[in-house]
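The lines below spell out each chain.
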Amino acid sequence: MALALGLGSSNSKGSLFNHSDSPNVSYTIDSSNDLIHYAATRDIEPNEELCIYYSSNLWFDAVGIHTNETSLEQEKDDGWSGLSNVDIPQQNLPAFFKGSLDDVVPEDDLPFERFKPPPEEETADTVRTVQAWAVDVPEPRSIGPMLKWLRHSEVDASELGHLKRVRKLGEKSTFLLRVSSEPPSLPEDIILPEPYLVTVPSSVALTSTSLSLKTALWPTIYAPRRKGEIEEWSNGKARWAWEAMRAVLPVAAYIPAPYEVSDGAPSRSFIAHDTRQTMAHPLRHAVMNVIRQIADHRAASGEESVDEPAPTAPTDTDADTDSPRNGTNYLLTSQILFTTHEPCIMCSMALLHSRVKEVVYLLPMEKTGGCGGVTCVPTLPGVNHRFSICRWKGDTIWEAGLGLDGSIDA
Amino acid sequence: MDSAEHNVFMSEAMAMAEEAWAAGEVPVGCVFVRGKTIIAKARNRTNQLSNATRHAELEAIDEILADPKLTPPGRGGYPLSETTLYVTVEPCIMCASALRQMGIKEVFYGCANDRFGGCGGVIGVNDELAHPSHPPYRAIGGYAREEAILILRRFYVTENFNAPAPRSKANRILKTEILPR
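Quick caveat, the model's predicted, so the values are computed rather than measured.

## Some points on the overall build of chain B
A count of helices and strands for chain B gives 4 helices and 5 strands. Along chain B, from the amino end to the carboxyl end, the secondary structure elements read α-β-β-α-β-α-β-β-α. Out of the 181 residues in chain B, the part that is buried amounts to 49%. Across chain B, every contact between residues at least 6 apart in sequence was considered, and the portion connecting residues at least 24 apart equals 54%.

## Observations concerning the sheet that holds strand β9 (residues 172-178) of chain A
All names here are of chain A. What the 4 strands build is an open sheet, ordered β8-β9-β7-β10; its pairing is antiparallel. Taken across any chain shown, the strands that pair with only one partner, and hence form the sheet edges, are β8 (166-169) and β10 (196-201). Each strand axis lies, on average, 40° off the axis of its neighbour in the sheet, ignoring direction. Two elements, strand β7 (residues 129-137) and β9, share 5 bridges in a ladder whose sense is antiparallel. Counted as the bridge partner of V137 is S173 from β9.

## Some points on the packing of helix α1 (residues 3-22) of chain B against helix α4 (residues 145-156) of chain B
Residue and element names in this part refer to chain B. For the pair α1 and α4, interaxial distance at closest approach is 11 Å and the crossing angle is 0°. Between α1 and α4, the crossing angle belongs to the class labelled roughly parallel. Note on element contacts: α4 touches α1 through E147, I151, R154 and F155, opposite M14, A17, E18 and W21. Partitioned by chemical class, the residues of the contact of α1 with α4 number 5 nonpolar, no polar and 3 charged.

## Section: the pairing of strand β2 (residues 37-43) of chain B
Residue and element names in this part refer to chain B. Summarising the sheet, strand β1 (residues 29-34) and β2 pair through 6 bridges and their orientation is antiparallel. Residue pairing across strands places R34 opposite T37, the latter belonging to β2. Counting the residues in the hairpin turn of β1 and β2 gives 2 residues, including G35, whose phi is positive at 65°.

## Things to note about the sheet that holds strand β5 (residues 138-140) of chain B
Where strands meet in a sheet, backbone hydrogen bonds hold them as pairs that are either parallel or antiparallel. Residue and element names in this part refer to chain B. Reading across the sheet, the 5 strands line up as β2-β1-β3-β4-β5 and stay open at both edges, with mixed pairing between neighbours. Each end of this open sheet is capped by a strand with a single partner; those strands are β2 and β5. The mean angle between the axes of side-by-side strands here comes to 20°, regardless of whether they run parallel or antiparallel. This element, α1, spans β1, β2, β3 (83-89) and β4 (106-111) of the sheet and lies at about 145° to β1. Relative to the sheet, helix α2 (residues 56-65) contacts β1, β2 and β3, its axis offset from that of β2 by approximately 130°.

## As for the confidence of the model for chain A
Residue and element names in this part refer to chain A. When the pLDDT values of chain A are averaged, the result is 73; 69% of them are 70 or greater. Within chain A, no element has a lower average pLDDT than strand β1 (residues 2-4), which sits at 48, and none a higher one than helix α6 (residues 345-353), at 96. Counting contacts from residues 6-14, a segment whose pLDDT is below 50, to residues more than four positions away or on other chains yields 6 contacts. When the criterion is pLDDT under 50, residues 62-89 qualifies, and its contacts beyond four places in sequence or with other chains add up to 32 contacts.

## Some thoughts on the environment of P94 of chain A
Residue and element names in this part refer to chain A. Structurally, P94 is set in the loop between β5 (51-52) and β6 (112-115). P94 gets classed as partly exposed once you count the C-beta atoms within 10 Å, which come to 18. The spatial distance from the C-alpha of P94 to the C-alpha of W242 is 9.4 Å, given a sequence separation of 148 residues. Excluding residues within four positions of it along the chain, P94 makes contact with D109 and P111.

## Quick word on the pairing of β4 of chain B
Residue and element names in this part refer to chain B. Of all 6 residues that make up β4, 5 are buried, and the element is covered over most of its length. Pairing between β3 and β4: 5 bridges, direction parallel. Among the inter-strand pairings, T84 is bridged to a residue of β4, identified as E106. For the segment spanning β3, helix α3 (residues 93-101) and β4, crossover handedness is right-handed. Examined bridge by bridge, β4 and β5 share 3 bridges and lie parallel to one another. Residue pairing for β5: E106 is matched across the bridge by R138.

## A closer look at the nonpolar core
Counting residues in hydrophobic clusters, the biggest one holds 105 residues, and the most contacted among them are V360 of chain A together with I93 of chain B. Beyond its immediate chain neighbours, meaning those up to four positions away, I93 of chain B contacts I345, M349 and V377 of chain A together with F116, G118, V122, I123 and V125 of chain B. Among the nonpolar cores identified, the runner-up in size contains 13 residues, and A132, L160, F175 and L176 of chain A belong to it.

## Things to note about helix α5 (residues 286-301) of chain A
Residues lying three or four places apart along an α-helix face the same way, a consequence of the helix completing one turn every 3.6 residues. Residues and elements named next belong to chain A. With 16 residues, α5 extends 22 Å from end C-alpha to end C-alpha; this agrees with the ideal 22 Å at 1.5 Å per step. Buried within α5 we find A286, V287, M288, N289, V290, I291, I294 and A295. Tucked into the core, α5 has its buried residues touching β11 (252-255), β12 (270-273), β13 (336-341) and α6.

## Digging into the environment of H162 of chain A
Residues and elements named next belong to chain A. When you line up the elements, H162 lands in the loop between α1 (143-152) and β8. Using a count of 17 C-beta atoms within 10 Å as the deciding quantity, one classes H162 as partly exposed. In the structure, H162 is positioned 40 residues away from S202 in sequence and 7.9 Å away in space, judged by C-alpha atoms. Once residues within four sequence positions are removed from consideration, H162 is found in contact with S203, V204, T220 and I221.

## Thoughts on helix α2 (residues 208-215) of chain A
Within α2 of chain A, the full set of buried residues consists of S210, L211, L213 and K214 of chain A. Of the surrounding secondary structure, the elements contacted by the buried residues of α2 of chain A are β10 of chain A.

## Regarding unusual backbone geometry
Negative phi characterises most residues that are not glycine, and trans characterises most peptide bonds. At A280 of chain A, a position not held by glycine, the phi torsion is positive, near 50°. You can see A280 of chain A is positioned in the loop between α4 (276-279) and α5. With 13 C-beta atoms packed within 10 Å, A280 of chain A lands in the partly exposed category. Backbone geometry places A144 of chain B, a non-glycine residue, at a positive phi of 55°.

## Quick word on the packing of α5 of chain A against α6 of chain A
All names here are of chain A. Where α5 contacts α6, the axes come no closer than 9 Å and their chain directions differ by 25°. Between α5 and α6, the interaxial angle falls into the category roughly parallel. For the crossing formed where α5 meets α6, the hand is left-handed. The residues of α6 that touch α5, namely those facing V287, M288 and I291, are C347, A350 and L351. A per-class count over the contact of α5 with α6 returns 6 nonpolar, no polar and no charged.

What counts and how
- For every chain, the first residue of its written sequence is number 1, and the numbers climb from 1 along that sequence.
- Note on labels: chains are lettered from A, ligands numbered from 1, in written order.
- At least 70 in pLDDT is required for a residue's local features to be given in this predicted model, at least 80 for side-chain atom pairs to be given and counted, and no such filter applies to totals for whole chains, interfaces and linings, which use all residues.
- To qualify as a helix, a DSSP run of H or I must reach at least 4 residues; to qualify as a strand, a run of E must reach at least 2; elements of each kind are numbered from the N terminus.
- Field definition: a residue is buried when 20 or more other C-beta atoms are found within 10 Å of its C-beta, exposed when 12 or fewer are, and partly exposed for counts in between, with C-beta atoms placed from the backbone.
- What counts as a contact is two residues whose backbone-derived C-beta atoms lie within 7 Å of each other.
- Here, a strand pair is defined by DSSP locating no fewer than two bridges between the strands.
- Axes here refer to lines fitted to C-alpha atoms; in helices the fit is confined to the stretch in contact. Angles between the N-to-C directions go from 0 to 180 degrees.
- Note on angle classes: values under 35 degrees are labelled roughly parallel, values over 145 roughly antiparallel, values of 65 to 115 roughly perpendicular, and the remainder oblique.
- We call Asp, Glu, Lys and Arg charged. Ala, Val, Leu, Ile, Met, Phe, Trp, Tyr, Cys and Pro are nonpolar, and the rest, Gly among them, are polar.
- Per residue, pLDDT captures the predictor's confidence, and it can take any value from 0 to 100.
- Here, the term right-handed applies to a crossover whose path from the first strand over the helix to the second runs clockwise when the strands point away from the viewer.
- For this analysis, nonpolar core means a set of buried Ala, Val, Leu, Ile, Met, Phe, Trp, Tyr and Cys residues linked through C-beta atoms within 7 Å.
- Take the number of residues in a helix, subtract one, and multiply by 1.5 Å to get its expected span.
- Each helix crossing is assigned a hand: it is left-handed if the near helix lies turned anticlockwise from the far helix by less than a right angle, otherwise right-handed if that turn is clockwise.

See the structure below:
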């Protein structure tokens with residue numbers, strides 16, 4: 001029994017290997033370059049046969065001695081013909097399974113390719129602001145002493161670090177002091193007018209449009225997000241993603257309990273699969289089902305419950321807006337969704353409405369997908385949330401049995 | 001169908017939007033019409049169900065599919081191929097895609113939605129994007145547009161208390177002037 005790997009390429013020589021439970025050759029499939037990389041897993045003796053590991057679900061009886069080393073969880077009846085139990089040979093596990101949990105995985109070694117949407121363009125209406133105390137310094141000769149006082153004073157302006165400290169308009173300089181309810185105290189040896197409140201941006205400017213909008217309020221620091229400057233994944237988180245992608249097979253959507261535990265985030269996982277056939281409902285896609293499952297879970301457990309209806313008379317223009325009266329999060333805030341197939345446009349927008357943080361999918365759906373297939377919903381102009389998208393790197397082991405008619409909305 | 005009939009169905013949709021507003025929901029309502037009969041009407045329930053995807057259109061579709069008289073088994077084809085939707089606001093991208101997957105015949109709506117409209121407001125999921133199997137459908141706006149805008153303004157001039165992290169709207173005033181399209 002020999003598995004043909006690479007047949008059909010111009011050089012099929014060397015592409016026929018027998019199976020072994022303790023193989024001396026490992027391989028990785030690089031489908032974007034139509035390559036298979038083979039590597040010896042140990043020193044090879046003269047005349048020793050080169051063998052690879054096919055999978056734990058052999059369709060023939062293996063010849064030779066079973067070492068049972070990699071073995072083999074009990075066959076689970078998962079209702080999906082056991083397809084979710086696709087085994088990955090140990091020696092083919094990616095590099096992030098070695099080393100410490102907290103080591104950062106180099107971008108190229110991540111099991112997926114990332115597409116991060118550009119930051120959402122702000123408008124004059126959406127720039128977030130905060131009230132801060134400022135004081136005019138009318139005398140140019142007071143500027144030096146004022147700066148010196150600021151450096152040595154107790155005025156803590158760490159929440160204003162994204163803003164320039166001084167605004168000059170002609171002869172007049174205005175110093176930004178701090179965010180506080182009470183006006184801050186001022187140096188006694190400099191003659192100054194009373195401090196007053198100004199409205200300033202509450203964050204740095206990521207784009208040039210944002211910079212001009214924000215600087216109109218107060219000079220703001222420009223910090224365009226550099227290319228490559230994206231969240232790092234540790235070995236541990238990459239392993240978490242690997243397990244999550246395994247859990248999602250064959251056709252399902254999965255929101256694992258977060259890798260980093262944070263307050264307010266649900267601590268359990270949710271998984272759903274497509275039920276269009278069984279429910280006779282054309283919209284019961286896996287993603288819609290998993291969103292509904294989380295909402296139902298929240299409602300049942302009393303999280304996020306709606307305490308009181310909004311006021312029924314729209315006269316309340318001086319409402320107390322400081323105290324949050326509602327739940328803390330949208331359904332999928334800070335959550336990562338794993339799914340076998342690129343979500344269709346409906347599902348992509350449902351994820352956007354639910355404020356998902358990141359979507360990881362295995363198979364692109366070029367004709368129906370809403371995360372880069374026919375359109376890319378989170379990058380459309382106007383939409384009120386962005387999420388990033390990761391496409392799992394091509395590998396036939398993962399995709400076994402998952403082929404869908406390209407005209408289907410996943 | 002003449003415009004008087006459109007207006008009748010649109011005012012039914014507007015009544016559902018009023019119901020949503022009274023319940024503290026984003027005021028969007030809709031009716032689905034087959035022949036000359038309303039077969040389902042619904043409104044937003046996103047706050048009540050803590051689920052931002054429970055828009056009026058999807059609520060109504062669930063109602064229709066739950067009734068075997070409205071979707072006789074074995075009939076084949078698309079469940080809404082003989083059904084028209086009247087909705088106060090342009091369907092969002094999610095609903096526009098859902099409606100296409102359901103094979104909706106036609107959509108009439110009130111005001112456009114430039115934040116996430118799926119029938120041309122942001123993107124034309126109804127008839128601009130190609131789809132390998134689902135037929136495109138026509139979506140026509142401008143029916144009861146002023147009422148649809150005003151009820152939304154009435155809602156947004158106050159806080160959406162059930163949306164996370166409400167932005168202060170203390171300085172907002174209810175504008176009643178509506179610019180022509």
